[in-house]
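The residues making up each chain are set out below.
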Amino acid sequence: MIKFFLMVNKQGQTRLSKYYEHVDINKRTLLETEVIKSCLSRSSEQCSFVEYKDFKLIYRQYAALFIVVGVNDTENEMAIYEFIHNFVEVLDEYFSRVSELDVSFSNTVFHSTQQTQCSPSQEPVDELPRMCSPWSPE
């Protein structure tokens, strides 16, 4: 199960965060700092799966953005790794090449896309690009 979803830049600034379990706001800041530091400090030759406390971190880098997903120990790492890639493909389709500025200034699109992709009643993958556009007809 996904515990949280983060998008951060190379400087370690959180651009988007979504939590699927309750975490106090004070603990979120500390958690994000530690998670970001552990992912950004790794070289590109190292594995993108990190054991961290009582969960796993799966991350991918796209240009200046890192996408980090925290999951429980029973989750399939490769499925989450592919989920991250699919999420970025949806954003690329919507923004025609997503950037850090898109993340910073279009939070409603990101949150609705995340909610759609992470909800238990998830639509089939071939429907995802249509769903991220709030202006498309239903």
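Refer to the preceding data block for the structure.
Each residue is numbered by its place in its chain's sequence as written, counting from 1. The predicted origin of the model limits local features to residues at a pLDDT of at least 70 and limits the giving and counting of side-chain atom pairs to 80 or more, whereas totals for whole chains, interfaces and linings rest on all residues. Side-chain metrics rest on all non-hydrogen atoms present in the structure, leaving aside hydrogens and water.

**Q** Can you break down the overall build of the protein chain residue by residue, with the values?
**A** Put simply, DSSP marks the helices as runs of H or I at least four residues long and the strands as runs of E at least two long, and each gets a number from the N terminus on. Helix and strand counts for the protein chain stand at five helices and five strands. Helices (α) and strands (β) of the protein chain occur, in sequence order from the N terminus, as β-β-α-β-β-β-α-α-α-α. In this scheme, a residue with accessible area under 20% of its type's maximum is buried, one over 50% is exposed, and one in between is partly exposed, where area comes from a 1.4 Å probe on protein chains only. Within the span of the protein chain, comprising 138 residues, buried residues form 41% of the whole. Partitioning the contacts of the protein chain with sequence separation of at least 6, the portion at a separation of at least 24 is 49%. Of the roughly 8,000 Å² that the protein chain leaves accessible, carbon and sulfur atoms contribute 51%. The contact criterion used throughout is that any non-hydrogen atoms of two residues lie within 4.5 Å. Note on areas: Shrake-Rupley with a 1.4 Å probe; residue coverage comes only from the protein chains shown.

**Q** Any details on the sheet that holds strand S4 (residues 55-62)? Residues and values, ideally.
**A** The strand order across the open sheet formed by five strands is S2-S1-S5-S4-S3, and the pairing between neighbours is antiparallel. Two strands bound the open sheet, and with one partner strand each, they are strand S2 (14-19) and strand S3 (49-52). Within the sheet, the average angular offset between the axes of one strand and its neighbour, ignoring direction, is 20°. A pair of strands is labelled paired if DSSP reports no fewer than 2 bridges between them. As paired elements, S3 and S4 share four bridges and run antiparallel to each other. Bridging from a neighbouring strand, Tyr52 pairs with Phe55 of S4. Sheet strands touched by helix H2 (residues 77-95): strand S1 (2-9), S3, S4 and strand S5 (65-71). Its angle to S4, the strand with the most contacts, is close to 35°. To obtain each axis, a line is fitted to C-alpha atoms, and for helices this fit is confined to the stretch in contact; angles are then taken between N-to-C directions over 0 to 180 degrees.

**Q** Could you give an account of H2, with specific residues and numbers?
**A** Given a rise of 1.5 Å per residue, 19 residues ought to cover 27 Å, and the 27 Å separating the end C-alpha atoms of H2 matches this to within 8%. Residues Ile80, Phe83, Ile84, Asn86, Phe87, Val88, Val90, Leu91 and Phe95 constitute the buried set of H2. Near the N-terminus of H2, the side chain that reaches the backbone nitrogen of Met78, with its oxygen 3.0 Å away, is that of Asn76. Where H2 ends, the next residue or the one after it, Ser96, has phi of about 50°, a positive value. Here the expected span of a helix is defined as 1.5 Å times the quantity of residues minus one. Whenever a nitrogen or oxygen atom comes within 3.5 Å of another N or O atom, the pair is scored as a polar contact, on the condition that within protein one atom can donate a hydrogen and the other can accept it, and that pairs from neighbouring residues in sequence are kept only if both atoms are in side chains.

**Q** Pulling in residues and values, what's your account of the nonpolar core?
**A** The set of buried Ala, Val, Leu, Ile, Met, Phe, Trp, Tyr and Cys residues whose side-chain atoms join them within 4.5 Å is what this entry labels a nonpolar core. Counting residues in each nonpolar core, the largest one holds 16 residues, and the members touching the most others are Phe5, Met7, Ile67, Val69, Ile80 and Ile84. Contributions of two or more residues to this core are made by S1, S5 and H2. At seven residues, H2 tops the list of elements feeding residues into this core. Leave out the neighbours within four places in its chain, and Ile67 touches Phe5, Leu6, Met7, Ile58, Tyr59, Arg60, Tyr62, Ile84, Phe87 and Val88. Listed in part, the 15 residues of the second largest apolar core include Leu6, Tyr19, Cys39 and Phe55.

**Q** I'd like to hear about the environment of Gln13, residue by residue, with values.
**A** Within the secondary structure, Gln13 is located in the loop between S1 and S2. Placed 52 residues apart in sequence, Gln13 and Leu65 show a C-alpha to C-alpha distance of 9.8 Å. Among residues more than four places away in sequence, those in contact with Gln13 are Met7 and Val8. At 2.7 Å, the side chain of Gln13 and the side chain of Asn9 are in polar contact.

**Q** Go over unusual backbone geometry with me, naming the residues and quoting the values.
**A** A positive phi angle is found at Lys53, which is not glycine, with a value near 50°. You can see Lys53 is positioned in the loop between S3 and S4. Positive phi values are uncommon outside glycine, yet Ala63 reaches one of about 55°. Within the fold, Ala63 resides in the loop between S4 and S5. Classification of Ala63 as exposed rests on a relative accessible area of 63%.

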